[in-house]
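Reading the structure
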Amino acid sequence: MNTTNIIIVLILIAILIPAVKSSITHMKGEGECCGGPAERPIKKKLKGSPISTMMVHIDGMSCDNCRIRVENRLNELDGVSAKVNLKKKEAKVSLYRSVDEQTIRNAVEKAGYTVASVEA
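Rules behind the numbers
Residues numbered from 1 in each chain as written. Predicted model: local features only at pLDDT ≥ 70, side-chain atom pairs only at ≥ 80, totals over all residues. Heavy atoms only, no water. Pairing = 2+ DSSP bridges. Helix = DSSP H or I, 4+ residues; strand = E, 2+ residues; numbered from the N terminus. Axes fitted to C-alpha atoms, helices over the stretch in contact; angles between N-to-C directions. Contact = heavy atoms within 4.5 Å. Buried < 20%, exposed > 50% of the residue type's maximum accessible area, 1.4 Å probe, protein only. Arc of directions from axis to C-beta. Polar contact = N/O pair within 3.5 Å; in protein donor to acceptor, adjacent residues only side chain to side chain. Expected span 1.5 Å × (residues − 1). Salt bridge = Lys/Arg side-chain N within 4 Å of Asp/Glu carboxyl O.

**Let's talk about the sheet that holds strand E1 (residues 52-59)**
To summarise the sheet geometry, strands pair through backbone hydrogen bonds and adopt either a parallel or an antiparallel arrangement. Strands sit in the order E2-E3-E1-E4 across an open sheet of 4 strands; the sheet is antiparallel. The open sheet has two edge strands with one neighbour each: strand E2 (80-85) and strand E4 (114-119). Averaged over all pairs of adjacent strands, the angle between strand axes in this sheet comes to 25°, irrespective of strand direction. Relative to strand E3 (residues 90-95), E1 runs antiparallel, the two being bridged by 6 bridges. Across the sheet, Met55 pairs through a bridge with Lys92, a residue of E3. Contacts from helix H2 (residues 64-75) reach E1, E2 and E3 within the one sheet, and its direction differs from that of E2 by about 165°. Packing against the sheet, helix H3 (residues 101-110) makes contact with E1, E2, E3 and E4, and its axis sits at approximately 150° to E4.

What follows is the structure in structure tokens.
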């Protein structure tokens, strides 16, 4: 192997290592994919007991940034507290006042995802 080939191999290694690490992070659902910087979760606690809960099954989430984006859009709703499970592709939505299913669907779609089904 001559010097030129060694330099080319070293350059390829220097390029591939970060690319592979980034791909692994993304595939594990821990990357900042889906365009833009990482979102910060909205901390929301409501007083009292929820009057009802629903499970919202969501298609299209692929990383933690997706999870936070959906959770934030749901938590922006008055009287709603949500916790999204990325692996199960679902959100547990606790309702502290009457909120119709369409409002929940609209919030998820506003975040850029699709509601597959809702269980009351």
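**Some points on H3**
Here H3 has its buried residues at Ile104, Ala107 and Val108. End-on, the buried residues of H3 take up no more than an arc of 95°, which puts them together on one face. Looking one or two places after H3, you find Gly112, whose phi comes out positive at around 105°.

**Focus on the environment of Arg97**
Position of Arg97 among the secondary structure elements: in the loop between E3 and H3. Owing to a relative accessible area of 39%, Arg97 belongs among the partly exposed residues under this scheme. Measuring from C-alpha to C-alpha, the distance between Arg97 and Asp78 comes to 8.1 Å, with 19 residues separating the pair along the chain. The contact partners of Arg97, leaving out residues within four places of it in the chain, are Ile51, Asp78 and Gly79. Separated by 3.1 Å, the side chain of Arg97 and the backbone oxygen of Asp78 make a polar contact.

**Digging into the pairing of E1**
Sheet topology places E1 next to E4; 5 bridges connect them, and they run antiparallel. Bridge pairing in E4 places Met55 opposite Glu119.

**As for H2**
Taking 1.5 Å per residue as the helical rise, H2 with its 12 residues ought to reach 16 Å, and the 16 Å between its terminal C-alpha atoms agrees with that figure. For H2, the buried fraction is high: 11 of the 12 residues fall into the buried class. Taken together, the buried positions of H2 are Asn65, Cys66, Arg67, Ile68, Arg69, Val70, Glu71, Asn72, Arg73, Leu74 and Asn75. Buried residues along H2 sit in contact with E1, E2, E3 and H3.

**Side note on the pattern of salt bridges**
With the rule as written, the count across this model stands at 5 salt bridges. Between Arg67 and Glu71 there is a salt bridge; the shortest N-O distance is 3.4 Å. Note that Arg67 and Glu71 are positioned in helix H2 at a spacing of 4 residues, about one turn of the helix. In this pair, the class of Arg67 matches that of Glu71, namely buried. Ionic pairing is found between Glu101 and Arg105, a salt bridge with its closest N-O pair at 3.0 Å. Residue Glu101 and its partner Arg105 are both found in helix H3; the two are separated by 4 residues, about one turn of the helix.

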